[in-house]
Amino acid sequence: MQQKITQPRISNLADRPEMLERVVGMADTWPEFVIQDLVGAAHFPRIAAELPAYVLFAEDERGEVVANAYSVPFALAAPGRGRLPGNGWDTVLVWAFSDLRRGVRPDTVSAISVSVAPHAQGRGLSAVMVSALRDNARSRGFREVVAPVRPSAKHLEPHTPIEEYARRVRPDGLPHDPWLRVHARAGATVDSVAPASMTVAAPLADWRRWTGLPFDTPGDVEVPGALTPVRCEAERGYAVYVEPNVWMRHAL
């Protein structure tokens, strides 16, 4: 049984820019196809470069980076917004960098990702990083953190509607899903679902390379790690994955 890391050191890249390569290069366990989302591929690397104060990382007692957490500030109350978007993760990244470019003052922080190094999982670091995200936003004057959460056990039920899954609770009233539960224990509540939070559309050759599956039959394909089936258009030569997330709100 792994032991919890004793009081990991939490820092941000604005204060410790020399840690950039180690933070960005930390090993993670994301499925290969997830990181192929074009919006994410275009914007995620910009967070560390342009918003380093919103990139947190944890070091263990040996100074090894064992977890990181990315977030972005954006203006939820800007004209035409006001509600958390159904295109979740993709849209909030676009909003954040649009606001940054135009000098729009942000009013909310959105979590973007929380990752724990493979060898350090099972030590409670996910909860530590969620708490650190909250503390970082609060210290910068924000009153709310939102998160387009990728439910960690949803891939076991790819055909269950996300609305049903998101509202499922245990007898103690906490969410059924472990990752939703971490956020709930930190004080978050479920706001809504983002049915099209991320979209990965690619030629079948790419899907075969990413998954090792044949992708030669039209229809839905269950892919390990995918929260919903991937739609294969075999005759047209491509497949599309549309990932749902669950919006959770943390009042600070």
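Presented here is a report on the structure given in the accompanying data block. Source: prediction; values computed, not measured.

## What about the environment of Val55?
Alright, step 1. Counting through the fold element by element, Val55 comes out in strand E2 (residues 55-59).
Alright, step 2. Sequence-wise, Val55 and Val114 are 59 residues apart; in three dimensions their C-alpha atoms are separated by 9.9 Å.
Alright, step 3. Val55 has contacts with Ser11, Asn12, Leu13, Val23, Ile47, Ala48, Ala69 and Tyr70, leaving out every residue within four places of it along the chain.

## Details of unusual backbone geometry
Alright, step 1. Not every positive phi belongs to a glycine, and Phe215 is a case in point at roughly 45 degrees.
Alright, step 2. Mapped onto the fold, Phe215 is located in the loop between helix H7 (204-211) and strand E7 (219-221).
Alright, step 3. We classify Phe215 as buried; its relative accessible area is 2%.

## Overview of the nonpolar core
Alright, step 1. Counting 76 residues, the largest nonpolar core has Val23, Phe33, Ile47, Ile112, Trp207, Phe215 and Tyr241 as the members making the most contacts within it.
Alright, step 2. Tallying contributions element by element places strand E3 (residues 65-74) first for this core, with seven residues.
Alright, step 3. Discounting chain neighbours no more than four positions away, the residues touching Trp207 are Phe33, Val200, Ala202, Gly212, Phe215, Val230, Ala239, Val240 and Tyr241.

## Remarks on the side chain of Arg150
Alright, step 1. As for its position among the elements, Arg150 is in the loop between strand E5 (144-149) and helix H5 (162-167).
Alright, step 2. The exposure class of Arg150 is buried, given its relative accessible area of 16%.
Alright, step 3. A polar atom in the side chain of Arg150 sits 2.9 Å from the side chain of Glu243.

## Thoughts on the pairing of strand E8 (residues 230-233)
Alright, step 1. The two faces of E8 differ: Val230 and Cys232 on one face are buried, but Arg231 and Glu233 on the other face are not.
Alright, step 2. Direction of pairing for E7 relative to E8: antiparallel, over a ladder of three bridges. Looking across to E8, one finds that Val221 is bridged to Val230.
Alright, step 3. Two strands pair when backbone bridges link them, and E8 and strand E9 (residues 238-251) are joined in this way by three bridges, in the antiparallel orientation. Following the sheet pairing, Cys232 is matched in E9 by Ala239.
Alright, step 4. Linking two consecutive strands that pair antiparallel, namely E8 and E9, is a turn of four residues; a positive phi of about 85 degrees is found at Gly237 within it.

## Remarks on the packing of aromatic side chains
Alright, step 1. Counted under the stated rule, the structure contains six aromatic pairs.
Alright, step 2. Their ring planes at 70 degrees and their centres at 5.2 Å tell us that Trp207 and Trp210 sit as a pair that is edge-to-face. In this pair, Trp207 and Trp210 both sit in helix H7, three residues apart, roughly one turn of the helix.
Alright, step 3. Among the aromatic residues, those joined into a cluster by ring pairs are Phe33, Trp207, Trp210, Phe215 and Tyr241.

Conventions adopted
- Residues numbered from 1 in each chain as written.
- Predicted model: local features only at pLDDT ≥ 70, side-chain atom pairs only at ≥ 80, totals over all residues.
- Heavy atoms only, no water.
- Helix = DSSP H or I, 4+ residues; strand = E, 2+ residues; numbered from the N terminus.
- Contact = heavy atoms within 4.5 Å.
- Buried < 20%, exposed > 50% of the residue type's maximum accessible area, 1.4 Å probe, protein only.
- Core = buried A, V, L, I, M, F, W, Y, C linked by side-chain atoms within 4.5 Å.
- Polar contact = N/O pair within 3.5 Å; in protein donor to acceptor, adjacent residues only side chain to side chain.
- Pairing = 2+ DSSP bridges.
- Phe/Tyr/Trp six-rings, centres within 6.5 Å; stacked < 30°, edge-to-face > 60°.

So, to be careful, I would describe these as geometric facts and stop short of saying anything about function.
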